[in-house]
Amino acid sequence: MTVQESYTWCEGVARSQAKNFYYSFLLLSKPQRRAMCAIYAFMRYCDDLSDDEGIPDRPAAISRWRSDLGAALAGGAGDHAVWPAFIDAVTRYQIPQQYFYEMIEGVSSDLGPRRIRTFGELYDYCYHVASVVGLTIIHIFGFESQEALPLAEKCGIAFQLTNILRDVREDAAKDRTYLPAEDFARFEVSPETFEPRERFQQLMKFEAQRAREYYRESGPLVGLIDARSRASMRALIGIYSRLLDRIVASNYDVLARRVRVPTWEKLWVLLRSVAA
C-alpha cells in the first residue's frame, strides 16, 4: 500500500469513528489533518485490540501489535494499512516513539476486570491512555516551549476523566470501574450498584470538579502551540468541555443514558474556535 492510499484509509477511520476528535481536525492544514488521522487510526486499532471480545487471545494480539510497531519504526513494511501513513507522520513531525509504546501499555491494562484503588493509580492510567495522545498531537500542532509538555499531559487527564464520567455504565458492563475505590468509600457509595443514588451524584460532582481543575490548569497550552493550530486546539478542548458540561447538566444521569454533544453543538464550537 502506498503512503497516499494509507492516508486515505486512515482518514476514513477517523471520519467514521473519531466522534469528538475529527471535528477539530477540520481546522488544520491538510498535512496536519492527515497526520492526525494516521495517529488516530493507530490509537483506534490499539483500543479495538483491548476491547474486541471476538479476538480469541487479546494479550497475544496486543503483543504482536507491539512487535509490529517496533518493526515498522525500524523500517519494516508491515502488512497493516495504517503503517505507511503512520510512519510518514511520525517522521515528518518528529514524534517521540516512546509515546506509542506507552499507549499500548495503557490499553493492555484494560484486558481484564479493572478496579482503580486511588487517584494516583487513576492518574497513571489516564496518562497512558490519554496524556500520551496529547503529547503526541502537540508535535503535529507545533510548539517551541517545553512548558507545553506538562500542560498537554494535564489536558489529556482532563479529557480522560471526562470520558470516564460519561462511560460509567458501559465500563461497569465490562467489569471495569475507573472511579477510585477511595472515592467510593469517601462518599459511601457502592462500587457495584452505585447506590445510594444521591451520594453517587455527589461522587460524580466531586470527580467533575477534579476534571474541571485539569482543564483550568492546562488552559495556557493553547497559547504555546503554533498560532495556525490554535483554533483546532481550542475546538478540541471546547468539545470535551461541552461534554463535561452536559454530564453536569444531566445531574450525572450517566447510568440511564449515554451523554453526548450533538453535531450542531460541535459545529458551533468550531465556529467559535475560529472566531476567537
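Chemist: Mind laying out the overall build of the protein, listing which residues take part and the relevant values?
Modeler: Secondary structure summary: the protein contains 13 helices and two strands in total. For the protein, whose C-alpha radius of gyration is 19 Å, the value lies close to the compact-globule estimate of 19 Å for 276 residues. Taking the principal axes of its C-alpha atoms as reference, the protein extends roughly 55 × 50 × 35 Å. Across the 276 residues of the protein, 52% fall into the buried class. Summarising the internal contacts of the protein: among those between residues at least 6 apart in sequence, 72% fall at separations of at least 24. Accessible area of the protein: about 12700 Å², with a carbon and sulfur share of 51%. Each charge class in the protein was averaged separately, 35 positive and 36 negative side chains, and the resulting centres sit 6 Å apart.

Chemist: How would you sum up the nonpolar core? Please name residues and give values.
Modeler: F42, F86, F100, L122, L221 and M233 are the most contacted members of the largest nonpolar core, which has 91 residues in total. Among the elements that take part in this core, helix α7 (residues 119–141) stands out by supplying twelve residues, more than any other. Sequence-distant contacts of L221, defined by excluding residues within four places in its chain, comprise I138, A148, L151, A152, C155 and M233. Formed by five residues, the second largest nonpolar core is a distinct cluster that contains Y23, I239, V269 and L270.

Chemist: With reference to specific residues and values, describe the packing of aromatic side chains.
Modeler: Going through the model one piece at a time under the given rule, you end up with 18 aromatic pairs. For the pair F42 and W65, a centre-to-centre distance of 5.7 Å together with 25° between the ring planes defines the contact as stacked. Placement of the pair is F42 in helix α3 (residues 30–51) and W65 in helix α4 (residues 58–73), with a sequence separation of 23 residues. The pair F42 / W65 is uniform in exposure class, with both members buried. Aromatic pair W65 and W83: ring centres 4.7 Å apart, planes at 25°, arrangement stacked. One end of the pair, W65, is in helix α4; the other, W83, is in helix α5 (residues 83–92), with 18 residues separating them in the sequence. Overall, W83 belongs to the buried group, its relative accessible area being 2%. A connected cluster of aromatic rings, assembled from ring pairs, spans F42, Y45, W65, W83, F86 and F100. In this structure, R34 packs its charged tip against the face of Y7, placed 4.1 Å from the ring centre. The ring of F119 has R210 sitting right over it, with the charged end atom 3.9 Å from the ring centre.

Chemist: Tell me what's going on with the environment of R230, and back it up with residues and numbers.
Modeler: When you line up the elements, R230 lands in helix α12 (residues 230–249). Taking the C-alpha atoms as reference, R230 lies 9.1 Å from L28; in sequence the two are 202 residues apart. In contact with R230, other than residues within four places in its own chain, are V222, G223 and I225. Of note is the side chain of R230, whose polar atom sits 3.3 Å from the backbone oxygen of V222.

Chemist: Talk me through the packing of helix α6 (residues 98–108) against α7; I want residue IDs and the actual numbers.
Modeler: Two elements in contact, α6 and α7, have axes separated by 8 Å at closest approach and are oriented at 155°. Compared by their axis directions, α6 and α7 come out roughly antiparallel. When you trace α6 past α7, the crossing you get is left-handed. Two secondary-structure elements touch here, α6 through Y99, F100, E102, M103, E105, G106 and V107 and α7 through Y125, Y127, H128, V129, V132, V133, L135, T136 and H139. The class makeup of the residues in the contact of α6 with α7 is ten nonpolar, four polar and two charged.

Chemist: Describe the environment of D226, naming the residues involved and giving the relevant values.
Modeler: Residue placement: D226 occurs in the loop between α11 (197–218) and α12. A sequence separation of 74 residues divides D226 from A152, and the C-alpha atoms of the two residues are 14 Å apart. Excluding anything up to four places from it in sequence, D226 contacts F141 and G142.

The rules behind each value
Residues numbered from 1 in each chain as written. Predicted model: local features only at pLDDT ≥ 70, side-chain atom pairs only at ≥ 80, totals over all residues. Heavy atoms only, no water. Helix = DSSP H or I, 4+ residues; strand = E, 2+ residues; numbered from the N terminus. Rg over C-alpha atoms; globule rule 2.2 N^0.38 Å. Buried < 20%, exposed > 50% of the residue type's maximum accessible area, 1.4 Å probe, protein only. Contact = heavy atoms within 4.5 Å. Areas by Shrake-Rupley, 256 points an atom, 1.4 Å probe, with all protein chains shown as cover. Lys, Arg positive; Asp, Glu negative; His and termini not counted. Charge placed at Lys NZ, Arg CZ, Asp CG, Glu CD. Core = buried A, V, L, I, M, F, W, Y, C linked by side-chain atoms within 4.5 Å. Phe/Tyr/Trp six-rings, centres within 6.5 Å; stacked < 30°, edge-to-face > 60°. Lys NZ or Arg CZ within 6 Å of the ring centre and 35° of its normal. Polar contact = N/O pair within 3.5 Å; in protein donor to acceptor, adjacent residues only side chain to side chain. Axes fitted to C-alpha atoms, helices over the stretch in contact; angles between N-to-C directions. Parallel < 35°, antiparallel > 145°, perpendicular 65-115°, else oblique. Left-handed = near helix turned anticlockwise from the far one by under 90°. Nonpolar A, V, L, I, M, F, W, Y, C, P; charged D, E, K, R; others polar.

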